[in-house]
Amino acid sequence: MVDDLRSSRRARSLLAAKLRAPGAPVRNVTIRNMSVTGALIECDVPPRIATEIELVRGELCAAGSVMWRNSTECGVQFLKPIELAAWLPNAEAEPAANEPKAVPRPVRGGDHDPLGRLAPRIVEELDHVARLLDALGDELIGDPYVVARHGLPLQRLDRATQILGHLGAIILSDDPEQTVSAIGMEDLRRRLLRKSL
């Protein structure tokens, strides 16, 4: 069932929502990623596995069941597919784990291009490593014991995949400094923009 949750296209997000569960107070949660079939929810105390929940944002409501949990997150499988564009109108879905990701082509201008023709090849390799890490993460979250015991390392694995994607975009950018400035991962942006000693 967890595989079903991960097999459809997911869109990354940091979206505030409410989570309702029987016999529990309404919880403020963050939707970390979402697909038409489920969502990764972050909250202080996730509901127990198999809890029937409702995820609410404004007028939108999606009913589902908790498939896995760790100390700060849970995976929810929706009872019926949702309209993803209504929940995340500006989100760009990332490919499912078994769907190849598109590799952007360089759009560099000017005469100075130190990586030359290597840039797209380097980005392809970064993307390949990211897909390997994604596949590993998908395999590991299929085991509820692994998720319960190693939730934080699994989050780090996901962050590593995101970092690889950002590095590829920087390499292919016409304006790498602007691309770095637009990165949403503050710690990565800070490391990349720090002054050399």
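Residues numbered from 1 in each chain as written. Predicted model: local features only at pLDDT ≥ 70, side-chain atom pairs only at ≥ 80, totals over all residues. Heavy atoms only, no water.

A. Quick look at the environment of Glu42. As for its placement among the helices and strands, Glu42 is situated in strand 3 (residues 38–42). Relative accessible area serves as the criterion here: at 28%, Glu42 is assigned to the partly exposed category. Each C-alpha atom of the pair Glu42 and Arg32 lies 6.7 Å from the other, and the pair is ten residues apart in sequence. Here Glu42 is in contact with Val29, Thr30, Arg32, Thr72 and Glu73, once residues within four sequence places are set aside. Polar side-chain contacts of Glu42 include one of 3.1 Å to the side chain of Arg32. (Helix = DSSP H or I, 4+ residues; strand = E, 2+ residues; numbered from the N terminus. Buried < 20%, exposed > 50% of the residue type's maximum accessible area, 1.4 Å probe, protein only. Contact = heavy atoms within 4.5 Å. Polar contact = N/O pair within 3.5 Å; in protein donor to acceptor, adjacent residues only side chain to side chain.)

B. Looking closely at the nonpolar core. Residues Ile31, Met34, Ile41, Leu55, Phe78 and Trp87 are the most contacted members of the largest nonpolar core, which totals 21 residues. The set of elements that each furnish at least two residues to this core consists of strand 1 (11–20), strand 2 (27–34), strand 3, strand 4 (52–57), strand 5 (60–69), strand 6 (73–78) and helix 2 (84–87). If we ignore the near neighbours within four places in the chain, the residues touching Phe78 are Met34, Ser35, Val36, Thr37, Gly38, Ala39, Leu55, Ala62, Ala63 and Gly64. (Core = buried A, V, L, I, M, F, W, Y, C linked by side-chain atoms within 4.5 Å.)

C. View of the pairing of strand 4. Note that strand 4 and strand 5 share six bridges and pair antiparallel. Counterpart to Glu52 in the pairing with strand 5 is Ser65. The hairpin formed by strand 4 and strand 5 contains two residues between the paired strands, and Gly58 there has a positive phi angle of roughly 60 degrees. (Pairing = 2+ DSSP bridges.)

D. View of the pairing of strand 2. When strand 2 meets strand 3, the two strands line up antiparallel, connected through four bridges. By the bridge assignment, Ile31 is partnered in strand 3 with Ile41. Hairpin geometry of strand 2 and strand 3 is characterised by an intervening segment of three residues between the two adjacent antiparallel strands.

E. The confidence of the model for the chain, seen in detail. Counting all residues, the mean pLDDT for the chain is 78, and 78% of those residues have values of 70 or more. Across the chain, element-level confidence peaks in strand 4 with a mean pLDDT of 94 and bottoms out in helix 1 (residues 2–7) with 43. Note on residues 1–7: pLDDT under 50 across the span, and 21 contacts to partners over four residues away in sequence or across chains. Considering only residues more than four positions removed or in separate chains, one finds that residues 92–111, a stretch of pLDDT under 50, has 41 contacts. (pLDDT = per-residue confidence, 0-100.)

F. Spotlight on the state of the cysteines. Throughout the structure, instances matching the rule amount to zero disulfides. The thiol of Cys74 is not disulfide-bonded; the next cysteine sulfur, from Cys43, is found 5.2 Å away. Note on Cys74: relative accessible area 0%, which makes it buried. (Disulfide = S-S within 2.5 Å.)

G. Inspection of helix 3 (residues 118–141) at higher detail. Helix length check: helix 3, at 24 residues, gives a terminal C-alpha distance of 35 Å against a target of 34 Å (1.5 Å per residue), a fit within 8%. All of the buried residues in helix 3 are Ala119, Pro120, Val123, Leu126, Asp127, Ala130, Asp134, Gly137, Asp138 and Ile141. (Expected span 1.5 Å × (residues − 1).)

H. Inspection of the side chain of Ser65 at higher detail. Along the chain, Ser65 turns up in strand 5. Setting aside anything within four residues of it in sequence, one finds Ser65 in contact with Ala50, Thr51, Glu52, Gly75, Val76 and Gln77.

I. The packing of helix 5 (residues 151–172) against helix 7 (residues 186–193), seen in detail. Relative to each other, helix 5 and helix 7 sit at 45 degrees, their axes nearing to 11 Å. The angle between helix 5 and helix 7 places the two elements in the oblique class. Crossing geometry of helix 5 relative to helix 7 is assigned as right-handed. Contact with helix 5, carried on its side by Arg159, Ile163, His166, Leu167 and Ile170, involves Asp187, Leu188, Arg191 and Leu192 of helix 7 and no other residues of that element. Its residues assigned to classes, the contact of helix 5 with helix 7 shows five nonpolar, one polar and three charged. (Axes fitted to C-alpha atoms, helices over the stretch in contact; angles between N-to-C directions. Parallel < 35°, antiparallel > 145°, perpendicular 65-115°, else oblique. Left-handed = near helix turned anticlockwise from the far one by under 90°. Nonpolar A, V, L, I, M, F, W, Y, C, P; charged D, E, K, R; others polar.)

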